[in-house]
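Given next are the chains, with one letter for each unit.
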Amino acid sequence: MIRLKESRFLFLILLAFLALAGAASTAQNPPAAKVNLIRMTARKYQFDPSVITVRKGDHVKLVITALDHDHGIEIAGYGIKQKLKKGIPTTVEFTADKPGTFEFRCSQFCGLGHRRMKGKLVVQED
């Protein structure tokens, strides 16, 4: 039979083991990447906002609504090309794993100013 002193000692060893196991688990599992939810609009020859800034490693979730007619968004540096139906919020998700500045543009012809419908995605290093 275990005596009172021995049971206290075993209890303290168990607590120390659990504390160390928790610390090791935290060290092996870094905090999750930040999720950036960005609401955008697309309308005749412009995106709003036209500049999006995130940090490398962030999960980016763009919710884009075309206001006047169908548009599209293309971010070539990330292999994204998505049609945007008028009035329907469209979600585009990706992980910002490449630092730099990437142009995005309308990928659906929308009129004479179509070529001017651009913006920038800025992915900053820590």
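Quick look at the sheet that holds strand β4 (residues 59–66)
- On the basis of which strands lie adjacent, the open sheet formed by 4 strands has the order β2-β1-β4-β7 and mixed pairing. Of all the strands in the sheet, the pair left with one neighbour each is β2 (46–48) and β7 (90–95). Between one strand and the next, the sheet's axes are offset by a mean angle of 25°, whatever the strand orientation.
- Across 3 bridges, strand β1 (residues 35–43) lies against β2 in antiparallel orientation. By the bridge assignment, threonine 41 is partnered in β2 with aspartate 48.

Looking at the pairing of β7
- Covered by surrounding structure in β7 are Thr90, Val92 and Phe94 only, the residues Thr91, Glu93 and Thr95 on the alternate face being uncovered.
- As judged from the 6 bridges shared by β4 and β7, these two strands associate in the antiparallel manner. Bridge assignment links histidine 59 to a residue of β7, and that residue is threonine 95.

Brief notes about the nonpolar core
- Of all hydrophobic cores here, the largest spans 26 residues; its most connected members are Phe47, Leu62, Ile73, Ile75, Tyr78, Phe94 and Leu121.
- Secondary structure elements with two or more residues in this core: β1, β3 (51–55), β4, β5 (71–75), β6 (80–84), β7, β8 (100–105) and β9 (118–124).
- Not counting residues up to four positions away in its chain, the partners in contact with leucine 121 are Ile52, Val54, Ile75, Tyr78, Phe94, Gly100, Thr101, Phe102 and Phe104.

Details of the pattern of salt bridges
- Tallied over the full model, the rule gives 2 salt bridges.
- Among the ionic pairs, aspartate 70 bridges to lysine 85, the shortest N-O distance being 4.0 Å. In this pair, aspartate 70 sits in the loop between β4 and β5 while lysine 85 sits in the loop between β6 and β7, placing the two residues 15 residues apart along the sequence.
- Given a relative accessible area of 42%, lysine 85 falls into the partly exposed group.
- As a salt-bridge pair, glutamate 74 and arginine 105 come within 2.7 Å of each other at their nearest N and O atoms. Placement of the pair is glutamate 74 in strand β5 and arginine 105 in strand β8, with a sequence separation of 31 residues.

Description of the environment of lysine 120
- Topologically, lysine 120 is positioned in strand β9.
- Since its relative accessible area comes to 46%, lysine 120 is described here as partly exposed.
- Sequence spacing of lysine 120 and isoleucine 75 is 45 residues, and the spatial spacing of their C-alpha atoms is 9.0 Å.
- When neighbours within four sequence positions are excluded, lysine 120 is seen to be in contact with Ser50, Val51, Ile52, Thr101, Phe102 and Phe104.

Re the side chain of histidine 114
- Following the sequence through the fold, histidine 114 ends up in the loop between β8 and β9.
- A polar contact of 3.5 Å, which involves the side chain of histidine 114, links it to the backbone oxygen of cysteine 106.
- At 3.4 Å, the side chain of histidine 114 forms a polar contact with the backbone oxygen of glutamine 108.
- With residues near it in sequence (within four places) discarded, histidine 114 still touches Tyr45, Arg105, Cys106, Ser107, Gln108 and Phe109.

Reading the values: rules and limits
- What you see as residue numbers is a count from 1 along each chain, following the sequence as written.
- Local features in this predicted model are restricted to residues of pLDDT 70 or higher, and side-chain atom pairs are both shown and tallied only at a pLDDT of 80 or more, whereas totals for entire chains, interfaces and linings draw on every residue.
- Hydrogens are left out, water is left out, and the side-chain values use all remaining heavy atoms of the structure.
- Two strands make a pair as long as DSSP finds a minimum of two bridges between them.
- Secondary structure follows DSSP: runs of H or I at least 4 residues long count as helices, runs of E at least 2 residues long count as strands, and numbering of each begins at the N terminus.
- For every element, the axis is a line fit to its C-alpha atoms; helices are fit only across the contacting stretch, and the angle between N-to-C directions ranges from 0 to 180 degrees.
- Each residue is placed in one exposure class: buried if its accessible area under a 1.4 Å probe, protein chains only, is under 20% of its type's maximum, exposed if it is over 50%, and partly exposed if it falls in between.
- Nonpolar cores are built from buried Ala, Val, Leu, Ile, Met, Phe, Trp, Tyr and Cys residues. Side-chain atoms within 4.5 Å join them into one set.
- We call two residues in contact when some of their heavy atoms are within 4.5 Å.
- The rule for a salt bridge is simple: a side-chain nitrogen of Lys or Arg has to be within 4 Å of a carboxyl oxygen of Asp or Glu.
- Between N or O atoms, a polar contact is any pair within 3.5 Å; within protein, one atom must be a potential hydrogen donor and the other a potential acceptor, and residues adjacent in sequence are included only when both atoms are from side chains.

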